[in-house]
Amino acid sequence: MSPRAELHELDLTELSALLAARQVSSEELAQALLARIATQNGDLNAFITLDPDATLAQARAADARIGRGEGGVLTGIPVAHKDIFCASGWRTTCGSRMLEEFTAPYDATVVEHFNDAGAVFLGKTNMDEFAMGSSNESSWFGPVRNPWDRNAVPGGSSGGSAAAVAARLCPAATGTDTGGSIRQPAALTGICGLKPTYGLVSRYGMIAFASSLDQAGPLARSAADLAVLLDTMVGFDPRDSTSLERPVEHYGRALDRPLEGMRLGLPREYFAEGLDADVARAVDEALVTLRGLGCETVEVSLPNTRLSIPVYYVLAPAEASSNLARYDGARYGYRAQEPRDLADLYSRTRAEGFGAEVRRRILVGTYVLSHGYYDAYYLKAQQIRRLIARDFDAAFSTCDLILGPTSPSVAFDLGERSADPVQMYLSDIYTIAVNLAGLPGMSIPAGFGAKGRPVGLQVIGNYFDEARMLNLAHRFQQATDWHRRAPASGA
Amino acid sequence: MPWQIVIGLETHAQLSTRSKMFSGSSTAFGAEPNRQASAVDIALPGVLPVANRGAVERAIRFGLAVGGSIRRRSVFARKNYFYPDLPKGYQISQYELPIIEGGALLIPAADGERSIPLTRAHLEEDAGKSLHEDFQGATGIDLNRAGTPLLEIVTEPALTSAEEAVSYARALHALLRWIDVCDGNMQEGSFRCDANVSVRRNASDPLGTRCEIKNLNSFRFLEQAIRHEARRQIELIEDGGRVRQETRLYDPDRDETRPMRSKEDAHDYRYFPDPDLLPLEVTPDWVESVRAQMPELPAAMRSRLAGELGLAAYDAAILTGSRELARYFEAIASRLPGNAKLAANWVMGEILGRLNREGLEIGACPVDAARLAGLLARVADGTVSGKTAKEVLDALWSGTETADEVIQARGLTQISDSGELEVIIDGILAQNPAQVAEFRGGKQKVFGFFVGAAMKATRGKGNPAQVNALLRRKLGADA
């Protein structure tokens, strides 16, 4: 690294080394990033809430800890959290008017893990309302803009986190992925994002959208950084019944392993109609690189992928319709003024407090769970969900990892798809099946397509195979520099 | 023509765990409103439920006690509806796959016992409480009760009268307390029944349309509500009307039921498996470890008391009315080998009678098993008569001494020394020659005079059996 490099240009691993060597203090680092956010966020709208006093206090505490020689790899590193994680004393909005004034009285387990590691809480990032969206346009706090092109969306729902990392406002951020909400924005903003195996990261304190699909994960600039973040995020949590009790892993343990002989499955269905040519070209080039590193590629088939969007749009809204029932104006959050009666309180609170996409999904979810429709929709979708998981099982019998595009197109323009929900839903065609199967998935930068907008390469692993996915990504990043490309600073 | 009444009961038993079904909050009754409502109970954004192992264990215990099958895998489902005292907008319950299926409960019947078949028992959480008084024009919400663990126990439509329904409810109540699953406190709502009632002209007819009467929290209301509802339905049909399927509430002040909601405006609860909770796995090992800790059940104890101790079936049933009473009785009987009947008579007569008069439970009995057994030992060995023993019991009831201490201090020891008694009796006979002559002349009634005189001379301490025997010998009555 150049001694002249500005702090924001450095990635997590580089900053961690500087902090450990006490060449920079956490407070200086936090101040530099807060200053950068102050100049850039008005334009990008990546952050919903900042609290410089709290951030700097935490940075000073981290400096003290490093001074005592008790620092870890994340101590003093500023991390932005998607505004879906409850954090004690922080306003937690979930991108919704419903929670515009809600301050969480407790920490999500993920936040707790970062606090324990000495990471510095930089702010809460913008997101699609209740994580429902693929463009970050459904946020009550306004859309996030793509740092590569202010006319483009950053993807969603973790669009604020992705944009913040891409714009070098922070070295790392947390996100959540229900149908692609980490991977798709990572792809569209040219950064790395990983959705772990379902159950690895506690969902406690993470505001629920679709419980059986939601999974938190990190967004950062490199695979090596993701490995460090994952080490901190993963862990059994007795407060989450779906959390898995497994031996502790060190996700960076295999980063440098050679790729010779690794078999990469290329799903026929991911390279077929619907994939934009510019994205296909970038992915193909990435595959050439990987073959050059010793990987073999084999064709695999995931025949039920085509059903993953309809299945997802039955199951996720069904769970959401129930998960979001608690926002009723009775105990916290938005409440409609002067209700006539109880029914009026409920209907106006929810009509006024939720945006159009959230209301649409609650209606769909309520419908598919209704008496007489449950079997035809919810139950059928659950059956197909199992078939989709079985497709992956079969594919993994002939390959180690599955590779393909993360999204069928590069970032689209703001407003381009917001009028047509089905077009919007199709942005997640390659990512959704991974959530339905509970598998780990990741997106890493693989070049640029139309209008100079980034392309993401998706890596899908078998259950608990995150270390192998990171190994592939790290080797790829040693051979390429897509992940080092930064958008021109705006403003 | 007599009508047949068909009743099925759904009972909500609050499980006696210290913490709630899906959170760590206390379940203690009577706290200030909303002081026992955690982030999970008030359904803050992001919180998650974790099933209470103790509640599951109690459900298993119940399943074993009624001989039901304990599902290896049961599923928590969400029952969705909006109400201000339901913080999540859904109640976590079990729907398609409950933890317990089948089983039966034995209830006393005119001709011995009747077995009432159970459909299922499932785990669920309670809602909070809406307080409509005290808040002019507004409603107060107390979420202390929200999340309290409940076992809902459902019978087949197998009960045929209000009396039988009450008898079932009492037996269930006793069993739940016996196996330490529920404290049974009905004032605090720990045991509440919903009754499904229908009527038909003949037992062979298909079941009539039922009405459900909600939230009956005393045995008396249960009986009155069923009786009233059956009469209402019969009169309705006899007047040419039809019963509408609906949910009704019983108003004890007016002794009537009235409609709450009909089937048409029934909720669509949109049940689906709760994705926040994995299916509940109950391994055979778990079941066996619970079984190993099961107490002897009332039915088994009844037959043992009747068989081994020779008690009448009726007595055995009374003494096994609660586990505390049974324990009390057994503790006494074990100290009095061969005198179980004596122990039974005293416990059922004197002890239960006194407790009842003073409105006490057996657990609050001022005379513990050891002290009562001490007294009954003196009855059994003839030290005191039954009559004197009741006097001693009075002292035990209000004091802390043992029976022997009371007997000694008050000089109540029965005179069983035949030499001493003989001197006294000889004196009585010598002083009453006229009566002796009368008796010997055939006037048998005079015998009582001598007994009375002897008891008077001994100030009641003469052993009545010995006094009788001596008098007969001296008077030659046996001859």
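Further up the page is the structure itself.
In this text the structure is predicted, and so the values were computed from the model without any measurement.

Can you help me understand the overall build of chain A in this one?
Within chain A, the secondary structure is distributed over 15 helices and 11 strands. Relative to its length of 491 residues, chain A is compact, with a C-alpha radius of gyration of 21 Å against a globular reference of 23 Å. Overall, the C-alpha framework of chain A stretches about 65 × 55 × 45 Å when taken along its three principal axes. Counting only residues that meet the buried cut, chain A has 65% of its 491 residues in that class.

Before we go on, may I ask you to explain the pattern of salt bridges in this structure?
Any two side chains of opposite charge can pair, given that their charged atoms come close. For the structure shown, the criterion picks out 56 salt bridges over all chains. With a closest N to O distance of 2.9 Å, A:Glu299 and A:Arg268 form a salt bridge. Here A:Glu299, found in strand β8 (residues 296–300), pairs with A:Arg268, found in the loop between β7 (263–267) and α8 (277–292); they are 31 residues apart in sequence, far enough to count as distant. Given a relative accessible area of 55%, A:Glu299 falls into the exposed group. A salt bridge links B:Arg244 to B:Glu246; the nearest nitrogen and oxygen atoms lie 3.2 Å apart. Here the residues in one salt-bridge network are A:Arg203, A:Asp240, B:Arg78, B:Asp274 and B:Asp276, joined through shared partners.

Quick question: what am I supposed to make of the interface of chain B and chain A here?
How big an interface is tends to be stated in terms of the accessible area lost upon association of its parts. Facing 29 residues of chain B, the contacting portion of chain A comprises 37 residues. Roughly 2700 Å² is buried in total at the junction of chain B and chain A, and carbon and sulfur atoms are behind 58% of that figure. The tally of links from chain B across to chain A stands at 1 salt bridge. The salt bridge partner of A:Arg203 is B:Asp276, with a shortest N-O separation of 3.1 Å. Taken together, chain B and chain A are joined by 17 residue pairs in polar contact (both at pLDDT 80 or more). Mapped onto the side of chain B that touches chain A, the elements with two or more residues apiece are β4 (76–80) and β16 (272–273) of chain B. Looking at side-chain class alone, the side of chain B that touches chain A contains 21 nonpolar, 3 polar and 5 charged residues.

Whenever I open this one, a nonpolar patch on the surface confuses me. Can you help?
A grouping of A:Tyr367, A:Tyr373 and A:Tyr377 is seen on the molecular surface, where their side chains present a nonpolar patch of about 280 Å² in accessible area. In this fold, A:Tyr373 is placed in the loop between α11 (356–368) and α12 (375–396).

Teacher, can you tell me more about the packing of aromatic side chains here?
Each aromatic ring pair is summarised here by two numbers: the centre-to-centre distance and the angle between the ring planes. Residues and elements named next belong to chain B. All chains considered together, the criterion is met by 26 aromatic pairs over all chains. An angle of 85° between the planes, with centres 5.3 Å apart, marks the rings of Phe-22 and Phe-76 as edge-to-face. Of the two residues, Phe-22 is situated in the loop between β1 (4–14) and α1 (53–65) and Phe-76 in strand β4; the sequence distance between them amounts to 54 residues. In this pair, the class of Phe-22 matches that of Phe-76, namely buried.

Help me out: how do you make sense of the nonpolar core in this one?
Inside soluble globular proteins, nonpolar side chains tend to come together where they are buried. Ranked by internal contacts, the top residues of the largest apolar core, which has 167 residues, are A:Phe130, A:Leu290, A:Phe392, A:Leu403, A:Met442, A:Leu470 and A:Leu472. Looking at this core, the element that brings in the most residues is helix α9 (residues 308–323) of chain A, giving 9 residues. Leave out the neighbours within four places in its chain, and A:Phe130 touches A:Cys94, A:Ser96, A:Met98, A:Leu99, A:Ile207, A:Phe209, A:Leu324, A:Tyr327, A:Phe354 and A:Val358. Ranked by size, the runner-up nonpolar core spans 106 residues in total, among them B:Ile153, B:Ala340, B:Val384 and B:Ile407.

Quick question: what am I supposed to make of the packing of helix α8 (residues 340–358) of chain B against helix α10 (residues 386–398) of chain B here?
Between two packed helices, both the angle of their axes relative to each other and the distance between the axes serve to describe the pair. All names here are of chain B. Two elements in contact, α8 and α10, have axes whose closest approach is 13 Å; the angle formed by their N-to-C orientations is 40°. Classified by the angle their axes make, α8 and α10 are oblique. Seen along the crossing, α8 lies across α10 with a hand that is right-handed. Along the contact surface, α8 presents Trp-346, Glu-350, Ile-351, Arg-354, Leu-355 and Glu-358, while α10 presents Gly-386, Ala-389, Lys-390, Leu-393, Asp-394 and Trp-397. In the contact of α8 with α10, the residues fall into 6 nonpolar, 1 polar and 5 charged.

What is the right way to look at the sheet that holds strand β1 (residues 47–49) of chain A in this model?
The strands that make up a sheet pair up through hydrogen bonds in the backbone, lying either parallel or antiparallel. All names here are of chain A. In spatial order, the strands read β1-β3-β2-β4-β6-β5-β10-β11-β9-β7-β8; together these 11 strands make up an open sheet with mixed pairing. Because the sheet does not close on itself, it has two edges, and the strands there are β1 and β8. Pairwise comparison of adjacent strand axes, ignoring direction, gives a mean angle of 35° for this sheet. Of the strands in this sheet, β8, β9 (401–405) and β11 (454–461) touch α12, which is tilted by about 115° from β9.

I tried to follow unusual backbone geometry on my own but got confused; where do I start?
Trans is the prevailing form of peptide bonds, just as negative phi is the prevailing case for residues other than glycine. Residues and elements named next belong to chain A. Residue Ser-157 is reached from Gly-156 by a cis peptide bond, and omega for that bond is 10°. Locating Ser-157 in the fold gives a position in the loop between β3 (120–125) and α5 (159–166). The backbone of Lys-451 sits at a positive phi, close to 55°, despite the residue not being glycine. Along the polypeptide, Lys-451 turns up in the loop between β10 (441–448) and β11. You can call Lys-451 exposed: its relative accessible area is 62%.

What counts, and where the lines are drawn
- Residues numbered from 1 in each chain as written.
- Chains lettered and ligands numbered in written order.
- Predicted model: local features only at pLDDT ≥ 70, side-chain atom pairs only at ≥ 80, totals over all residues.
- Heavy atoms only, no water.
- Helix = DSSP H or I, 4+ residues; strand = E, 2+ residues; numbered from the N terminus.
- Rg over C-alpha atoms; globule rule 2.2 N^0.38 Å.
- Buried < 20%, exposed > 50% of the residue type's maximum accessible area, 1.4 Å probe, protein only.
- Salt bridge = Lys/Arg side-chain N within 4 Å of Asp/Glu carboxyl O.
- Contact = heavy atoms within 4.5 Å.
- Buried area = accessible area lost by both parts, 1.4 Å probe.
- Polar contact = N/O pair within 3.5 Å; in protein donor to acceptor, adjacent residues only side chain to side chain.
- Nonpolar A, V, L, I, M, F, W, Y, C, P; charged D, E, K, R; others polar.
- Patch = residues over 30% accessible without salt bridge, like charges linked within 9 Å, V, L, I, M, F, W, Y side chains within 5 Å.
- Areas by Shrake-Rupley, 256 points an atom, 1.4 Å probe, with all protein chains shown as cover.
- Phe/Tyr/Trp six-rings, centres within 6.5 Å; stacked < 30°, edge-to-face > 60°.
- Core = buried A, V, L, I, M, F, W, Y, C linked by side-chain atoms within 4.5 Å.
- Axes fitted to C-alpha atoms, helices over the stretch in contact; angles between N-to-C directions.
- Parallel < 35°, antiparallel > 145°, perpendicular 65-115°, else oblique.
- Left-handed = near helix turned anticlockwise from the far one by under 90°.
- Pairing = 2+ DSSP bridges.

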